[in-house]
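Analysis of the macromolecular model
If you want the building blocks of each chain, they are given just below.
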Amino acid sequence: MNLRSRTLPSLALLLFCLCCFNTNTASAASPDHWVGTWATAPMAQDNHEEKVDADITYREIVHVSIGGPAVRVILTNEFGLDSLTIGAANVALSAGGSDINPAASAPLTFNGRPSIVIPPGALVVSDPVNLKLPPTSNLAVSIFVPSQAIRQVSVHGFADQTNYTASGNVTSAKSLDTPTEIYSWPFLKGVDVKADDEAAAIVAFGDSITDGAHSTRNANARWPDVLAARLQADKKTAKLGVLNEGIGGNRVLHDDTGPSALARFDRDVLAQAGVKYLIIMESINDIGHAKDPNRPYDVVSADDLIAGLSQLATRAHTHGIKVFGATLTPYVGAKYSSPAGEAMREAVNQWIRTTNQLDGVIDFDKVTRDPAHPNVFLPADDSGDELHPGDAGYKAMGDSIDLKLFKK
């Protein structure tokens, strides 16, 4: 066989393969684009405020950021030690309190089934439901958990939101009869919306100051809420959702309230739907405990924290996520403050402001500090404990963020 006779069959085979590839590509449907509109960071809790020793419906209210024509819900048993049975679930627009709007309500299914068993350590994503979800609205997610042995609940312990429980399966009920109020988000991890390709999510990753401690309950006054409202008011950024992944007491380098930031990063940041930007505000608890004048423990240095924050930025950049560092707000006067800790805070803030490992800086320290006493909160912004902002402080923080950071 000469060279030509060997080449022609090979060329024909190549053209055949290319035609098959092009045909398959053209006929394949484009995948739906889903973006997170609300999320929270679950953790393990073995002494949950509501024991699952009877048939219970949880009706949990969440304040979404962006809207969309369809939604899906993420339920979690990531910290569970036993399989978790979800008997039924429903999603609806909230009508205030424990009430829902029946005209904007739909049952959730999981692979077409109304119930599902979630293995320990796992989560589930519901099937999509057509529900017109307005931006910055309140959504009620109702979850029926039949009586079962649950040794450890996956829950976000501080919701800063009134949620409800009621006996039996009442997931689709317009109103709950004599519900019990709770202030956590059990078994609920996130809500995604169907969106166009330009939509994306911003993850706010941090501790109690991101979680919204000392803000007014049910007012959605956390700084990520303020940011979400501002993004919606600007046509250039109205397709950006905000996901609050703060945990009170959280630290960068050690487990305490929830896993450390390094340990939970993949789950709470990289796994979020449509994430494009990340804001990191974390390490004040590492500093406070390491330099606590009464009982220091888990001692770390400023360089240790900078190395940890650098790791978070590197891991985000690996996935094409832009990273903005938020400076640590003043803490002198807090119960665990000390001169040595203040020196660490200033060193970490100096790194955030000057490093080339971040894509931008959000200077929360500058906007909340007292100009006459730069290491303490501006009195109007302080909640009273000299560590957490009040509503005015959270608003100042959210208002200070340059929206141009998210237009690049």
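My aim in this report is to walk through the structure given alongside it, one point at a time. All figures in this text were calculated on a predicted structure; none of them were measured in a lab.

Definitions and cut-offs
- Residues numbered from 1 in each chain as written.
- Predicted model: local features only at pLDDT ≥ 70, side-chain atom pairs only at ≥ 80, totals over all residues.
- Heavy atoms only, no water.
- Helix = DSSP H or I, 4+ residues; strand = E, 2+ residues; numbered from the N terminus.
- Rg over C-alpha atoms; globule rule 2.2 N^0.38 Å.
- Buried < 20%, exposed > 50% of the residue type's maximum accessible area, 1.4 Å probe, protein only.
- Pairing = 2+ DSSP bridges.
- 1 Å grid on protein atoms, 1.4 Å probe; cavity = no way out; pocket = protein on both sides within 12 Å on 5 of 7 lines; lining within 4 Å.
- Points joined across faces, edges and corners; volume = space filled by probe spheres on them.
- Nonpolar A, V, L, I, M, F, W, Y, C, P; charged D, E, K, R; others polar.
- Axes fitted to C-alpha atoms, helices over the stretch in contact; angles between N-to-C directions.

Along its length, the protein carries 9 helices and 23 strands. Rg of the C-alpha trace for the protein: 24 Å, near the compact-globule value of 22 Å for 408 residues, within the 12% margin. Each of the three principal axes of the protein carries a C-alpha extent, and together these read 85 × 65 × 40 Å. The buried share of the protein, reckoned over its 408 residues, is 52%.

Glancing now at the sheet that holds strand β2 (residues 43-45). A sheet is described by the order of its strands in space; here 3 strands give the open sequence β2-β12-β15, paired in antiparallel fashion. The sheet is open, and its two edges are formed by β2 and β15 (185-186), each paired on a single side. In this sheet, strand β12 (residues 153-156) lies alongside β2 in antiparallel orientation, the contact comprising 3 bridges. For methionine 43, the partnering residue across the bridge sits in β12 and is valine 155.

Buried residues dominate strand β11 (residues 138-145), accounting for 7 of its 8 residues. Note that strand β3 (residues 56-63) and β11 share 8 bridges and pair antiparallel. Note on β11: the bridge partner recorded for threonine 57 is phenylalanine 144. Pairing of strand β6 (residues 88-94) with β11, which is carried by 6 bridges, proceeds in the antiparallel orientation. When the bridges of β11 are listed, alanine 88 appears paired with phenylalanine 144.

So, on to the layout of surface pockets. Taken as a whole, the largest pocket spans an internal volume of roughly 200 Å³. Forming the walls of the largest pocket are 17 residues, and the residues nearest its centre are Ile74, Asp192, Ala271, Gln272 and Ala273. Listed by contribution, the elements that provide at least two residues to the lining of the largest pocket are β1 (34-39), β4 (68-77), β9 (122-125) and β16 (188-194). Take the lining of the largest pocket: its biggest share by element is 4 residues, from β16. Grouping the constituent residues of the lining of the largest pocket by class yields 9 nonpolar, 3 polar and 5 charged. Roughly 160 Å³ of volume is contained in the second largest pocket. In this structure, the second largest pocket is lined by Glu198, Ala200, Lys235, Lys236, Thr237, Ala238, Lys239, Leu240, Lys276, Tyr277, Phe406 and Lys407. Taken together, the residues of the lining of the second largest pocket sort by class into 5 nonpolar, 1 polar and 6 charged.

One pass over the structure, following the stated rule, counts 2 cavities of 30 Å³ or more. Estimates place the volume of the largest cavity at around 220 Å³. Together, 23 residues line the largest cavity, and Trp38, His63, Arg222, Asp225 and Asn244 are the ones closest to its centre. A class-by-class count of the residues in the lining of the largest cavity yields 12 nonpolar, 8 polar and 3 charged. If you add up the space inside the second largest cavity, you get close to 60 Å³. Around the second largest cavity, the lining residues are Ile280, Met281, Glu282, Leu309, Gly325, Ala326, Trp351, Ile352 and Leu358. Elements with a minimum of two residues in the lining of the second largest cavity: β19 (275-281), β20 (322-326) and α7 (339-354). Classifying every residue of the lining of the second largest cavity by side-chain character gives 7 nonpolar, 1 polar and 1 charged.

Within the open sheet, the 5 strands sit side by side as β18-β17-β19-β20-β21. Their pairing is parallel. The outermost strands of the open sheet, each flanked by one partner alone, are β18 (240-246) and β21 (360-362). Here the strands of the sheet are splayed against their neighbours by 25 degrees on average, with no regard to which way each runs. Note: β19 against β20, 4 bridges, orientation parallel.

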